[in-house]
Amino acid sequence: MSDALQRTPGDLPPFDPARWPPAAVASARAAWRERMAAEHRSFPVFAGLATQLAEAGAALDAEAVMLRMAADELRHAELCGTVVQALGDAPVCVIERAVRSEE
């Protein structure tokens, strides 16, 4: 596997937001918080696609890949939250949930 595709080691030095202009840190924090929310909102989309694949009689490996993609969205949200925390704030975001009405 290429070195560029290897996971980043977890023992990196902590980020010091005090070394950067407060407005730049706040902007970066807001951007990463939005990325965190977007990744989290993607989870039910992929999970729903996995259900649709099962209903359509797709191959088991196709269903497994879609479920893995759903799980990856949650992992990505967590990683984005880690960046928000490194930028000096709690890794929390509010996710609007669509309510599905029974027709």
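Undergrad: Can you walk me through the overall build of the protein in this structure?
TA: Secondary structure summary: the protein contains two helices and zero strands in total. The 103 residues of the protein split such that 16% are buried. In the protein, the share of contacts with a sequence separation of at least 24, taken over all contacts with a separation of at least 6, comes to 72%. Counting every atom, the protein has about 7900 Å² of accessible surface; 59% of that belongs to carbon and sulfur.

Undergrad: What should I look at first to understand helix α2 (residues 60-86) in this one?
TA: Every α-helix winds through 3.6 residues per turn, so residues three or four apart in the chain are directed the same way. Compared with an ideal rise of 1.5 Å per residue, which puts 27 residues at 39 Å, α2 spans 39 Å between its outermost C-alpha atoms and is within 8% of the ideal. Every buried residue belonging to α2 is among E63, M66, A70, E73, A77, C80, G81 and V84, and all of these are buried. Next to the buried residues of α2 lie α1 (22-55). Phi turns positive, to about 100 degrees, at G88, one or two residues after α2.

Undergrad: Would you explain the environment of L67 in this entry?
TA: With respect to the secondary-structure elements, L67 resides in helix α2. The spatial distance from the C-alpha of L67 to the C-alpha of A47 is 6.0 Å, given a sequence separation of 20 residues.

Undergrad: Explain the packing of aromatic side chains here, please?
TA: We describe a pair of aromatic rings using the distance from one ring centre to the other and the angle between the two ring planes. Taken as a whole and assessed by the stated rule, the structure comprises zero aromatic pairs. Directly above the aromatic system of W32 lies the positively charged group of R35, at a separation of 4.6 Å from the ring centroid.

Undergrad: So what exactly am I meant to see when it comes to the side chain of R29 here?
TA: Tracing the sequence through the fold places R29 in helix α1. Buried within the structure, R29 lacks any salt-bridge partner; D89 is the closest side chain of opposite charge, at an N-O distance of 4.1 Å. Not counting residues within four places of it along the chain, the set of residues in contact with R29 comprises V84, L87, G88 and D89.

Undergrad: Help me out: how do you make sense of the side chain of E73 in this one?
TA: On the secondary structure map, E73 appears in helix α2. Apart from residues no more than four positions distant in its own chain, E73 is found in contact with E39, S42, F43 and F46.

Here is what the cut-offs are and how they apply
Residues numbered from 1 in each chain as written. Predicted model: local features only at pLDDT ≥ 70, side-chain atom pairs only at ≥ 80, totals over all residues. Heavy atoms only, no water. Helix = DSSP H or I, 4+ residues; strand = E, 2+ residues; numbered from the N terminus. Buried < 20%, exposed > 50% of the residue type's maximum accessible area, 1.4 Å probe, protein only. Contact = heavy atoms within 4.5 Å. Areas by Shrake-Rupley, 256 points an atom, 1.4 Å probe, with all protein chains shown as cover. Expected span 1.5 Å × (residues − 1). Phe/Tyr/Trp six-rings, centres within 6.5 Å; stacked < 30°, edge-to-face > 60°. Lys NZ or Arg CZ within 6 Å of the ring centre and 35° of its normal. Lys, Arg positive; Asp, Glu negative; His and termini not counted. Salt bridge = Lys/Arg side-chain N within 4 Å of Asp/Glu carboxyl O.

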